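Tertiary structure, described
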Amino acid sequence: MAAFHTTQGRPREKPLTDDQLRERVAEGRKELLRALDGFDAEQYLRSAGLSPAEIGRLRRRLVP
């Protein structure tokens, strides 16, 4: 990350350390999981107009 930072003509941000990057990723993951807690993807897709058959095809593509 620091190598890319040094190639910028006018860096916009100070590069983060490996520890800082790990912390940001961990925080982002925690927030994403919190946001998805209780999210019903099938209900959401049905309310968006997908049929049960379309949801089934999508599920087969996404879930091994």
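Residue positions are given per chain, counting from 1 as you read along its sequence in written order. Local features in this predicted model are restricted to residues whose pLDDT is 70 or higher, and side-chain atom pairs enter the listing and the counts only when it is 80 or higher, whereas totals over whole chains, interfaces and linings include all residues. Computation of side-chain values: all heavy atoms of the structure, hydrogens and water removed.

**What to know about the overall build of the protein chain**
By definition, any uninterrupted DSSP run of H or I lasting at least four residues is a helix, any uninterrupted run of E lasting at least two residues is a strand, and each is numbered from the N terminus. On a plain count of helices and strands, the protein chain comes out with 4 helices and 0 strands. Each helix (α) and strand (β) of the protein chain, taken in turn from the N terminus, gives the series α-α-α-α. In terms of overall dimensions, the protein chain is more spread out than a globule: its C-alpha atoms have a radius of gyration of 20 Å, far above the 11 Å expected for 64 residues. When the backbone C-alpha atoms are referred to their principal axes, the protein chain occupies close to 50 × 25 × 25 Å. Here the protein chain holds 64 residues, and the buried ones make up 5% of them. Computed with the Shrake-Rupley method and a 1.4 Å probe, the accessible areas treat only the protein chains shown as cover for residues. Carbon together with sulfur atoms contributes 54% to the accessible area of the protein chain, which is approximately 6200 Å² in total. His is not counted, nor are the chain ends, whereas Lys and Arg count as positive and Asp and Glu as negative. Lys charges are placed at NZ, Arg charges at CZ, Asp charges at CG and Glu charges at CD. With 13 positive and 10 negative side-chain charges, the protein chain shows a spacing of 6 Å between the two charge centroids. Each radius of gyration reported is based on C-alpha atoms, and the globular scaling rule is 2.2 Å times the count of residues to the power 0.38. Buried means the residue's accessible area, taken with a 1.4 Å probe over protein chains only, is under 20% of the maximum for its type, while exposed means over 50%, and partly exposed covers the values in between.

**Thoughts on helix H2 (residues 18-36)**
Here H2 contains 19 residues, and its C-alpha end-to-end distance of 27 Å stays within 8% of the 27 Å for a straight helix at 1.5 Å per residue. The buried fraction of H2 is low, at 0 of 19 residues. Remark: glycine 38 follows H2 within two positions and exhibits a positive phi of approximately 85°. Here, expected helix span is obtained from the residue count minus one, scaled by 1.5 Å.

**A closer look at the packing of aromatic side chains**
Only the six-membered ring of Trp is used, alongside the rings of Phe and Tyr, when aromatic pairs are assigned; centres must lie within 6.5 Å, and planes under 30 degrees apart are stacked while those over 60 apart are edge-to-face, with the rest tilted. One pass over the structure, following the stated rule, counts 1 aromatic pair. With a centroid separation of 5.7 Å and 50° between ring planes, the pair formed by phenylalanine 39 and tyrosine 44 is classed as tilted.

**Considering the pattern of salt bridges**
Opposite charge on two side chains makes pairing possible when the charged atoms of those side chains draw close. Any carboxyl oxygen of Asp or Glu within 4 Å of a side-chain nitrogen of Lys or Arg constitutes a salt bridge here. Applying the stated criterion across every chain, the model contains 4 salt bridges. Measuring nitrogen to oxygen at the nearest pair gives 3.2 Å for the salt bridge that ties arginine 59 to glutamate 42. With arginine 59 in helix H4 (residues 52-62) and glutamate 42 in helix H3 (residues 41-47), this residue pair connects regions lying 17 residues apart in the sequence. Residues joined by salt bridges that share partners form a network here, namely Glu42, Arg46 and Arg59.

From the geometry alone we can't say anything about function, so treat these as descriptive.
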